[in-house]
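Report on the structure
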Amino acid sequence: MKVNTINLGQGWLNALSEEFKNSYFFQLKAFLIDEKKNYKIFPPGNLIFAAFNRTSFDDVKVVIIGQDPYHGLGQANGLCFSVSAGIRKPPSLVNIFKELQSDLNIPIPQDGNLEPWADQGVLLLNATLTVREGHAGSHHNKGWERFTDSVIKTLSDQKKGVVFLLWGKFAETKELLIDKDKHFILKAAHPSPLARGAFFGCKHFSKTNKILEHQGILPIDWRVEK
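Quick caveat, the model's predicted, so the values are computed rather than measured.

Conventions we followed
- In every chain, residue numbers begin from 1 and rise along the written sequence.
- Local features in this predicted model are restricted to residues of pLDDT 70 or higher, and side-chain atom pairs are both shown and tallied only at a pLDDT of 80 or more, whereas totals for entire chains, interfaces and linings draw on every residue.
- In computing side-chain values, all of the structure's heavy atoms are included and hydrogens and water are not.
- An axis is simply a line fitted to the C-alpha atoms; with a helix, the fit covers only the stretch in contact. Between two such axes, the angle follows the N-to-C directions and lies from 0 to 180 degrees.
- Where helices and strands are cited, they refer to DSSP runs of H or I of at least four residues and of E of at least two residues respectively, numbered from the N terminus.
- In these notes the angle categories are as follows: under 35 degrees is roughly parallel, over 145 is roughly antiparallel, 65 to 115 is roughly perpendicular, and the rest is oblique.
- The handedness criterion is simple: a crossing whose near helix is rotated anticlockwise from the far helix by less than a right angle is left-handed, and one whose near helix is rotated clockwise is right-handed.
- Residues count as neighbours in contact if any of their non-hydrogen atoms are within 4.5 Å of one another.
- By this rule the span expected of a helix is its residue count minus one, scaled by 1.5 Å.
- Burial classes follow relative accessibility: with a 1.4 Å probe on protein chains only, a residue under 20% of its type's maximum area counts as buried, one over 50% as exposed, and anything between as partly exposed.

1. Concerning the packing of helix α1 (residues 10-21) against helix α6 (residues 144-158)
Look at α1 against α6: their axes get within 10 Å of each other, and the N-to-C directions meet at 135°. Our classification of the angle between α1 and α6 gives oblique. In this structure, α1 crosses over α6, and the sense of that crossing is right-handed. Where α1 abuts α6, its residues Trp-12, Ala-15, Leu-16, Glu-19 and Phe-20 lie against Arg-146, Phe-147, Ser-150, Val-151, Thr-154, Leu-155 and Gln-158.

2. Some thoughts on helix α4 (residues 91-104)
If you check α4, its first and last C-alpha atoms are 20 Å apart, about what 14 residues at 1.5 Å a residue would give, namely 20 Å. Within α4 the residues assigned to the buried category are Ser-92, Leu-93, Asn-95, Ile-96, Phe-97, Glu-99, Leu-100 and Asp-103. Residues of α4 that are buried sit in contact with α5 (115-118), β5 (163-167) and α8 (204-214). In the segment just after α4, Asn-105 is the residue with positive phi, at about 60°.

Just distances and angles here, no functional claims.
Right, dumping it as structure tokens:
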């Protein structure tokens, strides 16, 4: 992982410059280099920071927080809950699209690539940005969480009016990093089938757009297929 060669955009580089200089980040890089010698790591190196590449710091108006990347071959593309075109949609993503259809009458798309959301200012942020093939949670507590917590805190400190969508107990732990006087927090159950449908009916997509419009901000076109 060569941070200096990845185009994060100047806004992110300025906002997170101290993180890239911190000893924990160098330790994280050393861990990943060692992991790659023995295992397949997802997503591919050029997509580890895809969420930041697709959504500039200045453009962030919505944040969706996931836990870690998909650990199956070809699934992870650097955006939480998203898979590249042609990859079978995971169950949580299927449920996200079902809620989107119910909420805004948007047809369920064939593919699960959420890049169109990211391009409109939706930061699709996993708490852990890498994972070992076939081993969910294998890169937890290696430094990524400290980095992404700083991302959330920095957004909270330096921006205003951002809508944070916290789905599930893990995402809700990040609420403490967010200034509720400056930003908006919407909470719901995780879209996983393990939540037994508790995610359905949250209407977070329409609620987010109403919040944005009330601030005079262009709403999100939640369609991923035009």
